[in-house]
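Coordinate inspection notes
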Amino acid sequence: MFSNTAIGIDLGTANLLIYTKNKGIVFNEPSVVAIDTHTGKVLAVGNEAKEMIGKTPHNIQSIRPLKDGVIADYEITSQMLSTMLKKVSKKLGVSLRKPNVIVCAPTGSTSVERRAIDNAIREYGAKQVHIIEEPVAAAIGAGLPVEEPVSNMVVDIGGGTSEVAIISFGGVVSAKSIRTGGDHMDSAIIQHVRKKYNVLIGERTAENVKMEIGYALVDHDPLTMEVRGRDLVTGLPKTIELNSQEIQDALRESLEAILEAIRDTLENCPPELSGDIVDHGIMLTGGGALLKGMQEWLSNEIDVPVHIAENPIECVAVGTGKSLSIIHKLQKAAK
Ligand code: ADP
Ligand code: MG
């Protein structure tokens, strides 16, 4: 049914990735759109649009249409998708018209939202659209043996949400999704800086701070970083120095929410499957898995081994693209 024109899309809240069977990941850019608010026209998508966040004049707005783990704006999401698909087909010099698309919707999304994604992709010209479960895609992309009769646990820490899922025989047995992910960590950093220094920093700066000096809750040699923001008292630009300990404190609440979701899922794991999980441990995927000290911290907190996928940000897209042959195999085996 699916020829080489099959493409996989990870419609993430932070990043949108496109995978083709022959070329692997061909697109990996932020899920951001810059819109002219007067005309409603899309001015830029992806990296170019993210560069504009917090810097644009009033008539241009940089929007993250999937911001809190759901599709906040269907119209803009579909415009973003088709602009990105066009960009990719131009870059590759091949037409991606009438592709068969396998797409991963955010797990928390409703059936209405899933239909919206389906429509957006069909509008672009896709012949067939399949929506698959995101944790299954993450597991496949991380190289877990989902076709085998062993269960696996995947923890995907994305921008808007974190998903914890137990997968067995290629399907989700139990899952938990919380609206705490990388964005929440960035906001916590903004709030901390505002409260302690009376300085307002932007979203991009906060994200950089997290990536440079952010740590999960482990002991570490302290790091510092200079950032610039606006002094809320004088209204003037100000440079301050942040250290990794205060940032770690700011991240504590988000990290504890993620840990609680993992503990809940482990505790509610069907007894027949818990042996596998204890033996094989959990696999971390998503950009949040890259936070410094994440693996060490989680290993300290839970009694099962913790692994980080090789390319945590690419797992879902790779898994989406590879899922079809695996699903077919499973369906055949079930017959
Ligand atoms: P989504 O699936 O929601 O699009 P991703 O899996 O692409 O999300 O992950 C994006 C999130 O990962 C962002 O919040 C980003 O800031 C965060 N992230 C990326 N790299 C790092 C890093 N090195 N340390 C901490 N967080 C990171
Ligand atoms: Mg994701």
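Quick caveat: nothing in here was measured; it's all calculated off a predicted structure.

Conventions and cut-offs
Residue numbers run consecutively from 1 along every chain, following the written order of its sequence. Note on labels: chains are lettered from A, ligands numbered from 1, in written order. Given that this is a predicted model, residues contribute local features only at a pLDDT of at least 70 and side-chain atom pairs are listed and counted only at 80 or more, while totals for whole chains, interfaces and linings are drawn from all residues. Only hydrogens and water are removed before side-chain values are computed, so all heavy atoms of the structure are retained for them. Strands are runs of DSSP state E lasting at least two residues, helices are runs of H or I lasting at least four, and both sets are numbered from the N terminus onward. Computation of the radius of gyration draws on C-alpha atoms, with the globule rule given as 2.2 Å multiplied by the number of residues to the power 0.38. Should any heavy atoms of two residues lie within 4.5 Å, those residues are counted as being in contact. The charge count includes Lys and Arg as positive and Asp and Glu as negative, but it does not include His or the ends of the chains. Think of each charge as sitting on NZ of Lys, CZ of Arg, CG of Asp or CD of Glu. Domain borders in the structure are assigned automatically or taken from a domain database. One side-chain nitrogen of Lys or Arg within 4 Å of one carboxyl oxygen of Asp or Glu is enough to make a salt bridge. Under the rule applied, a polar contact is a pair of N or O atoms within 3.5 Å (in protein, one hydrogen donor and one hydrogen acceptor; residues adjacent in sequence only if both atoms are side-chain atoms). Residues are grouped as follows: nonpolar covers Ala, Val, Leu, Ile, Met, Phe, Trp, Tyr, Cys and Pro; charged covers Asp, Glu, Lys and Arg; every other residue, Gly included, is treated as polar. Following DSSP output, two strands are said to pair if at least two bridges run between them. Here an angle of 0 to 180 degrees is reported between the N-to-C directions of two axes, which are lines fitted to C-alpha atoms, with helices fitted over the stretch in contact. Between 65 and 115 degrees an angle is taken as roughly perpendicular, under 35 as roughly parallel, over 145 as roughly antiparallel, and anywhere else as oblique. The sense of a crossing depends on the near helix, which, turned anticlockwise from the far helix by less than a right angle, makes the crossing left-handed and, turned clockwise, makes it right-handed. By convention in these notes, a residue is near a molecule or strand provided one of its non-hydrogen atoms lies within 4 Å of it. Using the Shrake-Rupley algorithm and a 1.4 Å probe, accessible areas are obtained, with residue cover drawn only from the displayed protein chains. Think of a 1 Å grid over the protein atoms and nothing else: a 1.4 Å probe that fits but is trapped marks a cavity, an open set flanked by protein within 12 Å on at least five of seven lines marks a pocket, and residues with an atom within 4 Å of a point count as lining. Being in a pocket or cavity means that more than half of the molecule's atoms lie within 2 Å of its grid points. Grid points are joined across faces, edges and corners, and a volume is the space filled by probe spheres set on the points. Exposure categories follow from relative accessible area, calculated using a 1.4 Å probe and restricted to protein chains: below 20% of the type maximum is buried, above 50% is exposed, and the middle band is partly exposed. Here, nonpolar core refers to any group of buried Ala, Val, Leu, Ile, Met, Phe, Trp, Tyr and Cys residues whose side-chain atoms link them within 4.5 Å.

1. Some thoughts on the overall build of the chain
- Assigned secondary structure in the chain consists of ten helices and 16 strands.
- Here the C-alpha radius of gyration of the chain, 21 Å, is about what a compact globule of 335 residues would show, namely 20 Å.
- Overall size of the chain, expressed as C-alpha extent along the three principal axes, is 70 × 55 × 30 Å.
- Sequence-distant contacts in the chain: of pairs separated by 6 or more residues, those separated by 24 or more amount to 62%.
- Charged side chains in the chain number 34 positive and 42 negative. The centres of these two groups are separated by 10 Å.

2. Quick look at the domain arrangement of the chain
- Domain annotation for the chain reports domain 1 (6-32 + 66-137 + 317-334), domain 2 (144-180 + 254-310) and domain 3 (182-250).
- For domain 1 and domain 2, the distance between their C-alpha centroids amounts to 23 Å.
- Facing the 15 residues of domain 1 at the interface are 16 residues of domain 2.
- At the junction of domain 1 and domain 2, the tally comes to zero salt bridges.
- Where domain 1 touches domain 2, the interface holds one residue pair in polar contact (both at pLDDT 80 or more).
- Secondary-structure elements contributing two or more residues to the side of domain 1 that touches domain 2 are helix H4 (134-141) and helix H10 (315-334).
- Considering only residue class, the side of domain 1 that touches domain 2 consists of six nonpolar, four polar and five charged.

3. Considerations on the sheet that holds strand E11 (residues 171-178)
- The sheet built from five strands is open, its strands ordered E11-E10-E9-E15-E16 with mixed pairing. Each of the sheet's edge strands pairs with one partner strand only, and the pair in question is E11 and strand E16 (306-308). Strand-to-strand twist in this sheet, taken as the mean axis angle between neighbours without regard to direction, amounts to 20°.
- Where strand E15 (residues 282-285) meets E16, three bridges bridge the pair, whose relative direction is parallel. Within E16, the residue paired with Leu284 across the bridge is Ile308.
- Where helix H7 (residues 244-267) meets the sheet, it contacts strand E9 (152-157), strand E10 (162-168), E11 and E15, and its direction lies at approximately 150° from that of E11.
- Most of the contacts of helix H8 (residues 271-280) go to E10, to which it runs at about 115°, and overall it touches E9, E10, E11, E15 and E16.

4. Examining the packing of helix H2 (residues 74-92) against helix H3 (residues 111-124)
- It is the contact of H2 with H3, at a shortest axis distance of 9 Å, that shows an interaxial angle of 40°. Judged on the interaxial angle alone, H3 and H2 are oblique. Helix-helix and strand crossings are classified by hand; for H2 and H3 the assignment is right-handed. Along its contact with H2, which presents Tyr74, Ser78, Leu81, Ser82, Leu85, Lys86 and Ser89, the element H3 presents Ala116, Asn119, Ala120, Ile121, Glu123 and Tyr124.

5. Side note on the site of ligand 1
- Taken together, 16 residues surround ligand 1, and among them Thr13, Ala14, Asn15, Glu207 and Lys210 come closest.
- Ala14 is positioned with one of its backbone polar atoms (N or O) 2.7 Å from an oxygen atom of ligand 1.
- Measuring from an oxygen atom of ligand 1, one finds a side-chain N or O atom of Asn15 at 2.7 Å.
- With the chains in place, 90% of the 580 Å² that ligand 1 exposes on its own is no longer accessible.
- Its atoms largely coinciding with the cavity grid, ligand 1 occupies the largest pocket.
- Elements with a minimum of two residues in the shell around ligand 1: helix H5 (182-197) and helix H6 (203-213).

6. Regarding the layout of surface pockets
- Taken as a whole, the largest pocket holds about 790 Å³ of empty space.
- Residue lining of the largest pocket: 44 residues in total, with Ala14, Asn15, Gly158, Gly159 and Glu207 positioned closest to the centre.
- When contributions to the lining of the largest pocket are tallied by element, the ones reaching two or more residues are strand E1 (6-11), strand E2 (15-20), E9, H5, H6 and H10.
- If you tally residues by element for the lining of the largest pocket, the top one is H5, at six residues.
- A per-class count over the lining of the largest pocket returns 17 nonpolar, 13 polar and 14 charged.
- Considered as a void within the structure, the second largest pocket measures approximately 220 Å³ in volume.

7. Remarks on the pattern of salt bridges
- This model, assessed by the stated rule, comprises twelve salt bridges.
- Of the charged contacts, one joins Glu29 and Lys87 as a salt bridge, the two residues approaching to 3.5 Å between their closest N and O atoms. Here Glu29 is found in strand E3 (residues 24-30), whereas its partner Lys87 is found in helix H2, with 58 residues between them in sequence.
- For Glu29, a relative accessible area of 14% translates into the label buried.
- We classify Lys87 as partly exposed; its relative accessible area is 30%.
- Salt-bridge contacts for Lys196 lead to Glu246; the nearest nitrogen and oxygen are separated by 3.1 Å.

8. Describing the nonpolar core
- Leu255, Ile262, Ile282 and Trp297 are the most contacted members of the largest nonpolar core, which totals 43 residues.
- The dominant element in this core, judged by the number of residues it contributes, is H7, at seven residues.
- Here this core spans two domains, since at least three of its residues come from each of domain 2 (144-180 + 254-310) and domain 3 (182-250).
- Sequence-distant contacts of Trp297, that is, excluding residues within four places in its chain, are made with Ala216, Leu217, Val218, Leu255, Glu256 and Leu259.
- In terms of nonpolar packing, the next biggest core, distinct from the first, is built from 28 residues, Ile7, Leu11, Val33 and Val129 among them.

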